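One-letter residues, chain by chain:
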Amino acid sequence: RDLHSFPTRRSSDLYSSGLAVVLLAAFDPLSFFEIAELKALDAQFTLRGPREPRSPIVLVTIDEDSFDGLNLAWPWPRRVHAKFLDIVGRGGPVAIGMDILFTEPSSRGGADDAALAAAVDRSRDRIVLAAALTTVGDASFVKQALNPPIPAIRGQAAFGSADYDSDADAFVRRATLKRIFQEREWAGFDLLIYRLGERAGLARGAAPAGHELLVNFRGGPGTFPMVAYHRVVTGEIPPEAFAGKIVLVGATTPTLHDIFPTPFASQSGMSGMNRDRKSVV
C-alpha cells in the first residue's frame, strides 16, 4: 500500500545519512572510517538475512503484559522471582540467566531477600546472576565498581557482568566475555551461560578465546521463542516447557532502559536478551 511513498522516504533517509557522514568525515576522519567499516558489517547481515536459531534458548520477557498481569510496580518483590525460579527449575533447564540486578537489599525487608536466596540456592548449579560493572572518573582518576548481587542473595551462585560496550555509532555488535576488575579477570554473564551449555553438551566448537567477540546475530526481535514472565508465575506455562532449555530472563520494555540498536534493529532497537549474545552455544 505504501509503494508510492517508499521512494520519497528512502530519498529523505539517504540525504540525512549522507549529510551525517559528510559532517563526520570533516570533523573526525578516524571515526568516519570506523563507522564505515561497522556499517559494512551491518550490510553483510542484511544480505545474509535472518537465520533459524540453533541454540535451545527461551526468552522470558519482563514486558508491559507482565506488569499488567502481575499488577506490581518495579522492582517486583523478590519472593515473586523466587517463585519463578522454582517453577522453571522443576522443568530441568540447562541454564537460567537472570539479567536482573539485585545489588541492594530489598525494600520489603530481609524476608523478601531470604525467599529469593533460598530459590537461588536450589538452582545454584545452573543459575547465572547479573552484575553491572561501572566506571566513573576522568584522565586523572578512575573508579570502578563491580556491583554484584548482594551476598545474602547470591550465596554460591555464579554471577557475571551483563554490560555491553557500544560501538562508535552507539550500536551493539560485540559481547564482552571477560572483564578486568581490581587486577582480576572476571568471566562475564555470557561466558558463564556458555559454560553451562558446554557442560550440557550444547557447544558446537571450542570455547571462545579472548575478552570479546562479534555477535553472530540470528535475526531481529522475536527470533527466539519468547514467554511473558507473568505467564510462568501464574502457572499458565508449565515447568516442562523449559526442559533442556537455556532460559534467559530480562527486560524487553523500553521503560527499563535496556534497548539498543543492532544490525537487525537499527531503528526500534533490541533488548539485552534479544541480542543473540549466546550464539556461541
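Up top is the structure these notes are about.
Here the structure is a predicted model, which is why all the values come from computation and not from measurement.

Colleague: Looking at this structure, how should I read the nonpolar core?
Modeller: Across soluble globular proteins, nonpolar side chains have a tendency to be buried as a group. Counting residues in each nonpolar core, the largest one holds 38 residues, and the members touching the most others are Phe84, Leu85, Met98 and Tyr229. Sorting the residues of this core by element identifies strand 1 (57-62), helix 3 (64-70), helix 4 (78-90), strand 2 (95-101), helix 5 (110-122), strand 3 (127-131), helix 8 (229-233) and strand 12 (246-251) as the ones contributing at least two each. Once residues lying within four places of it in the same chain are set aside, the contact partners of methionine 98 are His81, Phe84, Leu85, Ile127, Val128, Leu129, Ala130, Phe189 and Val249. The next biggest cluster of nonpolar side chains, apart from the first, holds 23 residues, and it includes Val94, Leu177, Tyr194 and Leu248.

Colleague: So what exactly am I meant to see when it comes to the sheet that holds strand 2 here?
Modeller: Neighbouring strands of a sheet are bound in pairs by backbone hydrogen bonds; such pairs are parallel or else antiparallel. Pairing in this open sheet of 6 strands is parallel, and the strands run 6-3-2-12-1-11 from one edge to the other. Looking at the sheet topology across the chains shown, the edges are occupied by strand 6 (158-161) and strand 11 (226-228). Each neighbouring strand pair of the sheet contributes to a mean axis angle of 25 degrees, computed without reference to strand direction. Pairing geometry for strand 1 and strand 12, over 6 bridges, is parallel. Residue pairing across strands places valine 58 opposite valine 247, the latter belonging to strand 12.

Colleague: I keep staring at the side chain of serine 123 and nothing clicks. Help me out?
Modeller: Counting through the fold element by element, serine 123 comes out in the loop between helix 5 and strand 3. Among all residues touching serine 123, those that are not within four sequence positions of it are Leu85 and Ile96.

Colleague: I'm lost on the packing of helix 4 against helix 5 in this one. Help?
Modeller: The axes of two packed helices give the description: the angle between them and the distance between them. Following both chains from N to C, one finds helix 4 and helix 5 inclined at 20 degrees, their axes separated by 7 Å at the closest point. On the basis of the axis angle, helix 4 is roughly parallel to helix 5. When you trace helix 4 past helix 5, the crossing you get is left-handed. Facing Arg78, Arg79, His81, Ala82, Leu85 and Asp86 of helix 4, the residues of helix 5 in contact are Asp112, Asp113, Ala115, Leu116, Ala119, Val120 and Arg122. The class makeup of the residues in the contact of helix 4 with helix 5 is 6 nonpolar, 1 polar and 6 charged.

Colleague: Would you explain the pattern of salt bridges in this entry?
Modeller: When the charged atoms of two side chains with opposite charge come close together, those side chains can pair. Enumeration over the complete set of coordinates arrives at 10 salt bridges. Across the salt bridge formed by arginine 124 and aspartate 121, the nearest N and O atoms sit 3.1 Å from each other. When its relative accessible area of 44% is taken as the criterion, arginine 124 is described as partly exposed. A salt bridge links glutamate 212 to arginine 174, with the shortest nitrogen-to-oxygen separation between them at 3.0 Å. Of this pair, glutamate 212 sits in strand 10 (residues 212-214) while arginine 174 is found in strand 7 (residues 174-176), placing the two residues 38 residues apart along the sequence. Classification of arginine 174 by relative accessible area gives buried; the value is 17%. Here the salt bridges do not stand alone but share partners, grouping Asp42, Asp167, Arg173, Arg174 and Glu212 into one network.

Colleague: Sorry, what's going on with unusual backbone geometry here?
Modeller: Leaving glycine out, the prevailing phi sign among residues is negative, and the prevailing peptide bond configuration is trans. In this chain, tryptophan 74 is followed by proline 75 through a cis amide linkage whose omega measures 0 degrees. One non-glycine residue, asparagine 71, adopts positive backbone phi at about 55 degrees. In this structure, asparagine 71 sits in the loop between helix 3 and helix 4. Looking at asparagine 71, the relative accessible area reads 66%, which means it is exposed.

Colleague: Just checking my understanding: could you explain the side chain of arginine 78 for this structure?
Modeller: For arginine 78, the location among the structural elements is in helix 4. Using a relative accessible area of 11% as the deciding quantity, one classes arginine 78 as buried. Non-local contacts of arginine 78, meaning those with residues more than four positions away in its chain, are made with Phe102, Glu104, Pro105, Ser106, Asp112, Asp113, Leu116, Ile150 and Ile153.

Analysis parameters
Residues numbered from 1 in each chain as written. Predicted model: local features only at pLDDT ≥ 70, side-chain atom pairs only at ≥ 80, totals over all residues. Heavy atoms only, no water. Core = buried A, V, L, I, M, F, W, Y, C linked by side-chain atoms within 4.5 Å. Buried < 20%, exposed > 50% of the residue type's maximum accessible area, 1.4 Å probe, protein only. Helix = DSSP H or I, 4+ residues; strand = E, 2+ residues; numbered from the N terminus. Contact = heavy atoms within 4.5 Å. Pairing = 2+ DSSP bridges. Axes fitted to C-alpha atoms, helices over the stretch in contact; angles between N-to-C directions. Parallel < 35°, antiparallel > 145°, perpendicular 65-115°, else oblique. Left-handed = near helix turned anticlockwise from the far one by under 90°. Nonpolar A, V, L, I, M, F, W, Y, C, P; charged D, E, K, R; others polar. Salt bridge = Lys/Arg side-chain N within 4 Å of Asp/Glu carboxyl O.

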